[in-house]
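One letter stands for each residue in the lines below.
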Amino acid sequence: MTKSMTGYGNATFENDQIGIQVEIKTLNSKFLDINSKVPKEISAMETDLRKIISDRLIRGKVNFSVEFTVKSGTDQALRINPELFQHYKNQFEQVTGNMQLADADILNSILKTGDVFEHPASKRDLVDRATMVSLINEALDKCDAFRAQEGASVDTALRSFAHNITQSLEAIKVKDPERIQHVKNRINESLKELNAADMSDPNRFEQELIYYIEKLDIAEEVVRLENHMRFFNTTLAETESQGKKLGFISQEMGREINTIGSKANNADIQKLVVEMKDELEKIKEQVLNII
């Protein structure tokens, strides 16, 4: 399965007190590069969350962000613990006995203890690790599905480009015998002229002819390029996305295409070589965005 490095996924959580938004965006990159933006309230979880992301996404530039929103109805003011307040009131009344103390004096004394006040929950207390892990995995699932969808389009394009190269190569195989025969005819014509002028050395000429024909021979390059094309298509069909391997194969394809072009010495074959180079550049461009 071919997967693109371009992806997007998000996940949300909401209860009576807080809302959480998780977002993951990915782009192409040679290696895994995670940029995270998380609130300080979950900074202690950041390392674990990044580990989950790196295990799932493997390659690409990843922008990962978390946003918290405390709902307006959430009570963030200090509150009095009624049970503790009553406990302190009973204690004061027992200690003071028959002393004539106003209720306001008792209230003031209790409030000065400070213990009767309950502090509101912080954002850190409002979210737990299990919730964050669940949100991260949900966003990663969506991002992975996005990558697979984009990868399917890339896979179709790559197969089309590879097919075009194969078609051009088949046309070269058809034209190659004509090219060689044309070279031989041209050399024979030159030989006749030399013989007429009595200027040729048959032995030396035969050696030069063999060398020249071998120098123009593209049979080995054609066979190697055919092998590379089969390897390319086989790699595309693997269950795991193989962006790096496809990149290496395309480099080898380029070497053989360039060699065929340098040896061709034929206008029709040179045209086909240019067409193959054009398709190969399209392959290289697309492979850069594959995991």
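A.B. asks: Residues and numbers for the overall build of the chain, please.
C.D. replies: Per the secondary structure count, the chain includes 9 helices and 6 strands. Within the chain, the fraction of its 291 residues that count as buried is 34%. When contacts within the chain are restricted to residue pairs at least 6 apart in sequence, those whose partners lie at least 24 apart make up 81%. Of the roughly 17500 Å² of accessible surface on the chain, a fraction of 51% belongs to carbon and sulfur atoms.

A.B. asks: Explain the nonpolar core to me, and be specific about the residues and the numbers.
C.D. replies: In terms of nonpolar packing, the biggest core is built from 27 residues, with Phe232, Met253 and Ile260 touching the most fellow members. Going through the elements one at a time, α5 (129-196), α7 (219-236), α8 (243-264) and α9 (267-287) are the ones with two or more residues in this core. Residues contacting Phe232, with those up to four places away along its chain left out, are Leu158, Ala162, Leu246, Ile249, Met253 and Ile283.

A.B. asks: Which residues make up the layout of surface pockets, and what are the values?
C.D. replies: A volume near 340 Å³ is recorded for the largest pocket. Lining of the largest pocket is provided by 14 residues; of these, Lys30, Arg59, Gly247, Val287 and Leu288 occupy positions nearest its centre. Elements supplying a minimum of two residues to the lining of the largest pocket: α8 and α9. Tallied by class, residues from the lining of the largest pocket come to 4 nonpolar, 6 polar and 4 charged. Roughly 160 Å³ of internal volume is contained in the second largest pocket. Looking at the second largest pocket, the residues that line it are Met1, Lys3, Arg56, Leu57, Ile58, Asp144, Thr239, Glu240, Ser241 and Ile291.

A.B. asks: Can you lay out the pattern of salt bridges for me, pointing to particular residues and giving the numbers?
C.D. replies: Counted by the stated rule, this structure contains 20 salt bridges. One salt bridge in this structure joins Lys3 and Asp144, with 2.8 Å as the shortest N-O distance. One end of the pair, Lys3, is in the segment before β1 (7-14); the other, Asp144, is in helix α5, and 141 residues separate them in sequence. A salt bridge links Lys263 to Glu221, with the shortest nitrogen-to-oxygen separation between them at 3.0 Å. Taken together, the positions of Lys263 in helix α8 and Glu221 in helix α7 put the pair 42 residues apart, joining distant regions of the chain. Several salt bridges share partner residues, and in doing so they unite Glu220, Glu221, Arg224, Glu256 and Lys263 into one network.

A.B. asks: I'd love a proper account of the packing of α8 against α9, names of residues and values included.
C.D. replies: Where α8 contacts α9, the two axes come as close as 10 Å, and the packing angle between them is 165°. By the angle between their directions, the pair α8 and α9 is classed as roughly antiparallel. Our pair here, α8 against α9, has a crossing hand that is left-handed. Contact residues: Gly243, Leu246, Gly247, Ser250, Met253, Gly254, Ile257, Asn258, Ile260, Gly261 and Ala264 in α8; Ile269, Gln270, Val273, Met276, Lys277, Leu280, Ile283, Lys284 and Val287 in α9. Grouping the constituent residues of the contact of α8 with α9 by class yields 11 nonpolar, 7 polar and 2 charged.

A.B. asks: Can you tell me about α9, naming the residues and giving the values?
C.D. replies: With 21 residues, α9 should cover 30 Å at 1.5 Å per step; its first-to-last C-alpha distance of 30 Å lies within 8% of that length. Within α9 the residues assigned to the buried category are Ile269, Leu272, Val273, Met276, Glu279, Leu280, Ile283 and Val287. Down the axis, α9 shows its buried residues gathered within 130° of arc, on one side only. Exposed residues lying more than 90 degrees from the buried face of α9 are Ala267, Lys271, Val274 and Glu285. The N-terminus of α9 is capped by Asn266, whose side-chain oxygen sits 3.0 Å from the backbone nitrogen of Asp268.

A.B. asks: How would you explain the side chain of Glu256 if you had to name every residue and give the values?
C.D. replies: Take Glu256: it is sitting in helix α8. Polar contacts involving the side chain of Glu256 include one to the side chain of Arg224, which spans 3.1 Å.

A.B. asks: Go over unusual backbone geometry with me, naming the residues and quoting the values.
C.D. replies: We note that Ile58 has phi near 70°; this positive angle belongs to a residue other than glycine. Mapped onto the elements, Ile58 comes out in the loop between α1 (46-57) and β4 (60-70). Residue Asn265 is not a glycine yet carries a positive backbone phi of 55°. Mapped onto the elements of the fold, Asn265 is located in the loop between α8 and α9.

A.B. asks: Can you lay out the pairing of strand β2 (residues 18-27) for me, pointing to particular residues and giving the numbers?
C.D. replies: Both β1 and β2 contribute to a ladder of 8 bridges, which runs antiparallel. Within β2, the residue paired with Gly7 across the bridge is Thr26. The hairpin turn running from β1 into β2, its antiparallel successor, is 3 residues long. Sheet topology places β2 next to β4; 10 bridges connect them, and they run antiparallel.

Conventions used here
- Residues numbered from 1 in each chain as written.
- Predicted model: local features only at pLDDT ≥ 70, side-chain atom pairs only at ≥ 80, totals over all residues.
- Heavy atoms only, no water.
- Helix = DSSP H or I, 4+ residues; strand = E, 2+ residues; numbered from the N terminus.
- Buried < 20%, exposed > 50% of the residue type's maximum accessible area, 1.4 Å probe, protein only.
- Contact = heavy atoms within 4.5 Å.
- Areas by Shrake-Rupley, 256 points an atom, 1.4 Å probe, with all protein chains shown as cover.
- Core = buried A, V, L, I, M, F, W, Y, C linked by side-chain atoms within 4.5 Å.
- 1 Å grid on protein atoms, 1.4 Å probe; cavity = no way out; pocket = protein on both sides within 12 Å on 5 of 7 lines; lining within 4 Å.
- Points joined across faces, edges and corners; volume = space filled by probe spheres on them.
- Nonpolar A, V, L, I, M, F, W, Y, C, P; charged D, E, K, R; others polar.
- Salt bridge = Lys/Arg side-chain N within 4 Å of Asp/Glu carboxyl O.
- Axes fitted to C-alpha atoms, helices over the stretch in contact; angles between N-to-C directions.
- Parallel < 35°, antiparallel > 145°, perpendicular 65-115°, else oblique.
- Left-handed = near helix turned anticlockwise from the far one by under 90°.
- Expected span 1.5 Å × (residues − 1).
- Arc of directions from axis to C-beta.
- Polar contact = N/O pair within 3.5 Å; in protein donor to acceptor, adjacent residues only side chain to side chain.
- Pairing = 2+ DSSP bridges.

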